[in-house]
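Structure assessment
Take a look at the letters that make up each chain.
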Amino acid sequence: MLVSKNNQDKTTKDIWIISEGRPVHLDLSNVCNQPVSKPVTEYKISEFAMYLLNPNPITIEEKVIGCRVKYSENSSGIVRKLVKKLFPNKKDASDSPHPIEEIIATIKIMPPSFQDNELNMHFIKINELLRPFDPVLKKLSSLDIKKIDDITAVCEDIGNNRYQLNLQGSLQEKLNYIINSISRRVKVVFNKAYLSNGLFEVRGFNFHLFNALTYYRLIKFIQNGQARYCVLNADYQLKYWVNDDELVKFMHILEQSIKTDPRLKEAISSCMKGDAKPLKLFFPQKLDQSYTEKYLPLTYRDVFDTYEINQVEKASIASMLNNHLSIVSFNYIPRSEAERQKMFINISVLHDIKALEPIKSKLPLLYSEINKKAPPSDIGKLYLLDSMSGYQNV
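A brief report on the enclosed structure follows. (Residues numbered from 1 in each chain as written. Predicted model: local features only at pLDDT ≥ 70, side-chain atom pairs only at ≥ 80, totals over all residues. Heavy atoms only, no water.)

Next up on the list: the overall build of the protein chain. Looking only at helices and strands, the protein chain features 10 helices and 17 strands. For the protein chain, buried positions account for 41% of its 394 residues. (Helix = DSSP H or I, 4+ residues; strand = E, 2+ residues; numbered from the N terminus. Buried < 20%, exposed > 50% of the residue type's maximum accessible area, 1.4 Å probe, protein only.)

With a phi close to 50 degrees, Asn197 is a non-glycine residue in the positive phi region. By secondary structure assignment, the location of Asn197 is in the loop between strand 9 (194-196) and strand 10 (199-201). We classify Asn197 as exposed; its relative accessible area is 69%. At Asn224, a position not held by glycine, the phi torsion is positive, near 55 degrees. Tracing the backbone shows Asn224 in the loop between strand 11 (214-223) and strand 12 (226-232).

A few words on the nonpolar core. Counting 73 residues, the largest nonpolar core has Phe48, Leu140, Phe200, Leu218 and Leu254 as the members making the most contacts within it. In terms of residue count, helix 6 (residues 245-260) provides more of this core than any other element does, seven residues in total. Dropping the residues within four chain positions of it, Leu140 is found in contact with Cys67, Ile103, Leu175, Ile178, Ile179 and Ile182. If you look at the next biggest cluster of nonpolar residues, it comprises 23 residues, including Leu296, Ala318, Ile359 and Leu366. (Core = buried A, V, L, I, M, F, W, Y, C linked by side-chain atoms within 4.5 Å. Contact = heavy atoms within 4.5 Å.)

Taken as a whole, this structure holds 13 salt bridges when the rule is applied. In this structure, Arg203 and Glu62 form a salt bridge, with 2.7 Å as the shortest nitrogen-oxygen distance. Of this pair, Arg203 sits in the loop between strand 10 and strand 11 while Glu62 sits in strand 4 (residues 58-71), and the two are 141 residues apart along the sequence. Accessibility assignment for this pair places Arg203 and Glu62 in one class, buried. Note that Arg162 is salt-bridged to Glu156, the shortest N-O span being 3.4 Å. Given the relative accessible area of 47%, Arg162 is considered partly exposed. Beyond isolated ion pairs, a larger network of salt bridges with shared partners links Glu62, Asp157, Glu201, Arg203 and Lys280. (Salt bridge = Lys/Arg side-chain N within 4 Å of Asp/Glu carboxyl O.)

The next subject is the packing of aromatic side chains. Scanning all chains against the criterion turns up 18 aromatic pairs. Measuring from centroid to centroid gives 5.1 Å for Phe48 and Phe205, while their planes differ by 35 degrees, and the two rings are tilted. With a gap of 157 residues between them, Phe48 in helix 1 (residues 47-53) and Phe205 in the loop between strand 10 and strand 11 connect regions that are remote in the sequence. For the pair formed by Phe48 and Phe205, the shared burial category is buried. Considering the side-chain rings of Tyr332 and Phe344, the 5.8 Å spacing of their centres and the 25 degrees angle between planes classify their relative orientation as stacked. (Phe/Tyr/Trp six-rings, centres within 6.5 Å; stacked < 30°, edge-to-face > 60°.)

Two faces make up the sheet, and in a regular strand the side chains alternate between them. Burial within strand 4 is extensive, with 10 of its 14 residues counted as buried. The pairing of strand 4 with strand 8 (residues 185-190) spans six bridges and is classified as antiparallel. Paired with Glu62 across the two strands is Val186, which belongs to strand 8. Across eight bridges, the pairing between strand 4 and strand 6 (residues 148-156) is antiparallel. Within strand 6, the position partnered with Val69 by the bridge is Ile151. Two elements, strand 4 and strand 5 (residues 100-104), share five bridges in a ladder whose sense is antiparallel. Counterpart to Gly66 in the pairing with strand 5 is Ile104. (Pairing = 2+ DSSP bridges.)

Attention shifts here to helix 10 (residues 364-371). Those residues of helix 10 lying buried are Leu366, Tyr367 and Ile370. Mapping the buried residues of helix 10 onto a view down its axis gives an arc of 100 degrees, with all of them on the same face. Buried positions along helix 10 lie against helix 8 (298-306), helix 9 (311-320) and strand 17 (382-393). (Arc of directions from axis to C-beta.)

As structure tokens, then:
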């Protein structure tokens, strides 16, 4: 961990992700077993970027709402399998996999959130006393282990998204865990913050403790003709490898989004102040709705009002806006005791100026106006094309 001496103008809550790269003379012999080609590039990354790039497991709290029970095959199922082997071409409509039953708690008991903590504890005790009478718990307690092949827990996150949680141990131990955990929050371990396909789990990061003056070194170098990345600590010792180049690209996109979209910066800042709870960070490949001459982002509605652009030119420009997009979606829940919880989503849409090259000579004033909005970066000149926000009750 490093503390920057050149960022004294920053406060401890100024959110940033990654700096511009700079060439450095660095001996990587203690990191790499093979020779490294020059140049070597160093980026400074924040604590948040350190978390997002980290390939190590994270732990979060999740609510167990039920389970999926996979029952053992009965004798008729075994006979059908034997017939299938003897007559592989014979179709059997009754042939089906193991019966699976999903048992879900129908009543969602939210933790009390009164200002009086003693009153909260009182209601929690009442809920605990009523648990033995829960029909779902009664059903789980009556399950016959001998008829079960496997059982997995069903979790639900704060955005009402469900997923299965594989459990360790014997069937009885798994069942006991579910009975003791249902309608309660439990510790869940994810392999890493990056889940897949541009989606990050950010509940594992303590935004409230973020310090903008702390940074780490992200090193880029060429080895065997391929770009490689690693993160080093203050003593230039290896923290971890970044084996997916796209993750580094996401960091640059997020940095540009925070710089140019005040809505996104305010949303993340509210999490750092403790006024909101972060959920997910997502980099989708495309928007749900394409831009057209009738559906234009605010940036171009303002520009078209300034310059005389005919309908044909508007349609041509609108088509260009759907290419070379970089999108950042940030989900969070503001902390409020006065109303039902709402999940907010902020979407920042960045556009690469190179997509507008075809109009550079035809509409130079328009191109110049947009070009002013696009600061250079390691991933091109991106400007804020659009910023959208909304919410849903959870």
